[in-house]
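Now for the letters of each chain:
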Amino acid sequence: MNKYVLKYSTDEVKKPALAEAILETGVMVNILLADVEYSKGMMVVAVLGDDKKQKKLTDYLRKHSVEVEKLESTILKDDDRCIDCCACYGVCPTKAITIKDWKMQLDKDECIRCKACIEVCPVRALSLQEG
Ligand code: SF4
Ligand code: SF4
């Protein structure tokens, strides 16, 4: 399983490209985030299956003019800097950031690399590591 960002242009956003890709390839997809407007759209999806299956689905989407970008980066927390202020918790669109016993917890598997937490952290404890 890997995560991908899908970007739809003005023409493509009106077509059910992802639904068709799933039907045509038989590859399962979990939509993690969708931001779709009349004229453009962006989704973050988890594509299930091995590399061959992921390639099959992403090739299909690219052939149908959807921009596909694999999420390679990893969110990192510097525990020495973090002051557990929980500002990041309020902006995370997934369940990647939770609070337990007044401590911020980070689940990298749930992260969609939106960078919202990085922007609000007052002590720069969060960063994205590429690769
Ligand atoms: S980058 Fe930060 S705010 Fe965005 S999903 Fe990952 S942990 Fe949540
Ligand atoms: S915003 Fe920064 S300092 Fe505050 S809990 Fe999140 S990582 Fe820690």
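Before reading further, recall that the structure is shown in the block above.
The structure presented is a predicted model; accordingly, all values stated were derived computationally and were not measured. Residue numbers run consecutively from 1 along every chain, following the written order of its sequence. To label them, take the chains in the order written and letter them from A, then take the ligands in the order written and number them from 1. Two thresholds apply to this predicted model, a pLDDT of at least 70 for residue-level local features and 80 or more for giving and counting side-chain atom pairs, whereas whole-chain, interface and lining totals are computed over all residues.

(A) Summary view of the environment of Gln54. Along the chain, the position of Gln54 falls in helix 2 (residues 51-63). Each C-alpha atom, one on Gln54 and one on Ser65, is 17 Å from the other, the two residues being 11 residues apart in sequence. Ignoring anything within four residues of it in the chain, the contact list for Gln54 reads Asn2, Val47 and Gly49. Secondary structure follows DSSP: runs of H or I at least 4 residues long count as helices, runs of E at least 2 residues long count as strands, and numbering of each begins at the N terminus. What counts as a contact is two residues whose backbone-derived C-beta atoms lie within 7 Å of each other.

(B) Representation of the site of ligand 2 in the model. Placing a C-beta atom from the backbone of each residue, we mark the residue near a molecule or strand if the atom is within 6 Å of it. Within the structure, ligand 2 sits among 14 residues, and Cys82, Cys85, Cys88, Met104 and Cys121 are positioned closest to it. For this classification, Asp, Glu, Lys and Arg are treated as charged, while Ala, Val, Leu, Ile, Met, Phe, Trp, Tyr, Cys and Pro are nonpolar and the rest, including Gly, are polar. Looking at the shell around ligand 2, its residues break down into 12 nonpolar, no polar and two charged.

(C) Layout of helix 1 (residues 17-25). Of all the residues in helix 1, the buried ones are Leu18, Ala21 and Thr25. The arc that holds the buried residues of helix 1, viewed along the axis, is 60°, so those residues lie on one side. Of the residues in helix 1, the exposed ones pointing more than 90 degrees away from the buried face are Ala19, Leu23 and Glu24. On its buried side, helix 1 packs onto strand 1 (2-8), strand 2 (29-36) and helix 2. Exposure is read from a count of other C-beta atoms within 10 Å of each residue's own; the residue is exposed at 12 or fewer, buried at 20 or more and partly exposed in between. C-beta atoms are placed from the backbone. Here the arc refers to the set of directions running from the helix axis out to each C-beta atom.

(D) Looking closely at the site of ligand 1. Taken together, 14 residues lie around ligand 1, and Cys92, Ala96, Cys111, Cys114 and Cys117 are the ones closest in. Classifying every residue of the shell around ligand 1 gives 11 nonpolar, one polar and two charged.

(E) A look at the nonpolar core. Nonpolar cores are identified as sets of buried Ala, Val, Leu, Ile, Met, Phe, Trp, Tyr and Cys residues joined via C-beta atoms within 7 Å. Membership of the largest hydrophobic core comes to 25 residues, with the highest contact counts inside it found for Leu6 and Cys88. For this core, the secondary-structure elements that each account for two or more residues are strand 1, helix 1, strand 3 (41-47) and helix 2. For the purposes of this description, domain bounds are those given by an automatic or database domain assignment. Looking at which domains feed residues into this core, each of domain 1 (2-70) and domain 2 (74-129) supplies at least three. Dropping the residues within four chain positions of it, Leu6 is found in contact with Leu18, Met42, Met43, Val45, Leu61, Val66 and Val68.

(F) Expanded view of the sheet that holds strand 3. Note: two strands are recorded as paired if DSSP finds a minimum of 2 bridges between them. Taken together, the four strands give an open sheet; going across it, the order is 2-3-1-4, and neighbouring strands pair in antiparallel fashion. For this open sheet the edge positions go to strand 2 and strand 4 (67-70), each flanked by a neighbour on one side alone. Pairwise comparison of adjacent strand axes, ignoring direction, gives a mean angle of 20° for this sheet. Two elements, strand 1 and strand 4, share four bridges in a ladder whose sense is antiparallel. Bridge pairing in strand 4 links Leu6 to Val68. For every element, the axis is a line fit to its C-alpha atoms; helices are fit only across the contacting stretch, and the angle between N-to-C directions ranges from 0 to 180 degrees.

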